[in-house]
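This is what each chain is made of:
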Amino acid sequence: MQNWQKQLAMRITLSRILAVPFVLVLMMQEDSTSRLLAALLFMLASISDYFDGYFARKYNAVSNMGKFMDPIADKILVTSILVALIPSHRIDPWMVIIILARDTLIGGLRSVAAADQVIIAAKPAGKWKTAMQMIAIPAMILGTDYGGLPILKTGLIVLWISVVLSVTSGLQYVWGYWKARPPRALDPSRS
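Note that the structure is predicted; figures quoted are calculated from it, not measured.

1. Things to note about the overall build of the chain
Here is step 1 of the chain: Across its full length, the chain carries six helices and zero strands.
Here is step 2 of the chain: Ordered by position from the N terminus, the helices and strands of the chain form the series α-α-α-α-α-α.
Here is step 3 of the chain: A principal-axis box enclosing the C-alpha atoms of the chain has dimensions of 60 × 45 × 25 Å.
Here is step 4 of the chain: By the burial criterion, 38% of the 191 residues in the chain qualify as buried.
Here is step 5 of the chain: Relative to all contacts within the chain whose residues are 6 or more apart in sequence, the contacts with residues 24 or more apart total 76%.
Here is step 6 of the chain: Total accessible area on the chain is roughly 11,200 Å²; 67% of this is exposed by carbon and sulfur atoms.
Here is step 7 of the chain: Of the charged side chains in the chain, 19 are positive and 11 negative, and the gap between their average positions amounts to 10 Å.

Structural data, given as structure tokens:
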């Protein structure tokens, strides 16, 4: 296997992080063309999440660093754009707070689960949450309706659905850890 094949998945993952400043600069412009480009760049970065995993498996380049960086890149991409949308009043700050709180909780719980050697399978609600965000965020970046289509209102509804799914998947993850944890995990006298 060639060196570029081993590094391809990680490079795709890192490209999601590198795309963030470009999306932010474009979405802050006043003209609709820049916002359209920002939405398209966000969608391209979102789609890359599939390809980094695909190439990691194809070239047998799955690594612990890749497993660590993939969700980090996703969070940086999504949360950066959501936070940047708050001043435009296109989204409710509570949406962002709930999504960030859930992601912080799950990140911490993943660390505890790893330390306890507990594996918690991904749940469908988490995958649907991500899919809803990848649909809603470009609509929110556009910030206006196009061709009579209620893009902004649809994006807002889909984003609220993703917030509900964020809470649902977060609770599922906590419950999954609670059921799978070793008995000593919650007993302070055994630490």
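2. Re helix 6 (residues 151-180)
Here is step 1 of the chain: With 30 residues, helix 6 should reach 44 Å at 1.5 Å per residue; the first-to-last C-alpha distance of 42 Å fits that figure.
Here is step 2 of the chain: Within helix 6 the residues assigned to the buried category are Gly-155, Val-158, Leu-159, Ser-162, Val-163, Leu-165, Ser-166, Ser-169, Gly-170, Tyr-173, Gly-176 and Tyr-177.
Here is step 3 of the chain: On its buried side, helix 6 packs onto helix 3 (64-85), helix 4 (93-115) and helix 5 (124-142).

3. Considerations on the pattern of salt bridges
Here is step 1 of the chain: Under the definition given, this model contains five salt bridges.
Here is step 2 of the chain: Arg-16 is the salt-bridge partner of Asp-49, the closest N and O atoms lying 3.4 Å from each other. Here Asp-49, found in helix 2 (residues 32-58), pairs with Arg-16, found in helix 1 (residues 3-27); they are 33 residues apart in sequence, far enough to count as distant.
Here is step 3 of the chain: Relative accessible area serves as the criterion here: at 23%, Asp-49 is assigned to the partly exposed category.

4. Some thoughts on the packing of aromatic side chains
Here is step 1 of the chain: Going through the model one piece at a time under the given rule, you end up with five aromatic pairs.
Here is step 2 of the chain: Residues Tyr-54 and Phe-55 carry aromatic rings whose centres are separated by 5.0 Å and whose planes lie at 75° to one another, so their mutual orientation is edge-to-face.
Here is step 3 of the chain: One aromatic cluster in this structure is built from Tyr-50, Phe-51, Tyr-54, Phe-55 and Tyr-59.
Here is step 4 of the chain: Here the basic side chain of Arg-181 rests over the ring of Trp-178, its NZ or CZ set 4.0 Å away from the ring centre.

Cut-offs applied
- Residues numbered from 1 in each chain as written.
- Predicted model: local features only at pLDDT ≥ 70, side-chain atom pairs only at ≥ 80, totals over all residues.
- Heavy atoms only, no water.
- Helix = DSSP H or I, 4+ residues; strand = E, 2+ residues; numbered from the N terminus.
- Buried < 20%, exposed > 50% of the residue type's maximum accessible area, 1.4 Å probe, protein only.
- Contact = heavy atoms within 4.5 Å.
- Areas by Shrake-Rupley, 256 points an atom, 1.4 Å probe, with all protein chains shown as cover.
- Lys, Arg positive; Asp, Glu negative; His and termini not counted.
- Charge placed at Lys NZ, Arg CZ, Asp CG, Glu CD.
- Expected span 1.5 Å × (residues − 1).
- Salt bridge = Lys/Arg side-chain N within 4 Å of Asp/Glu carboxyl O.
- Phe/Tyr/Trp six-rings, centres within 6.5 Å; stacked < 30°, edge-to-face > 60°.
- Lys NZ or Arg CZ within 6 Å of the ring centre and 35° of its normal.

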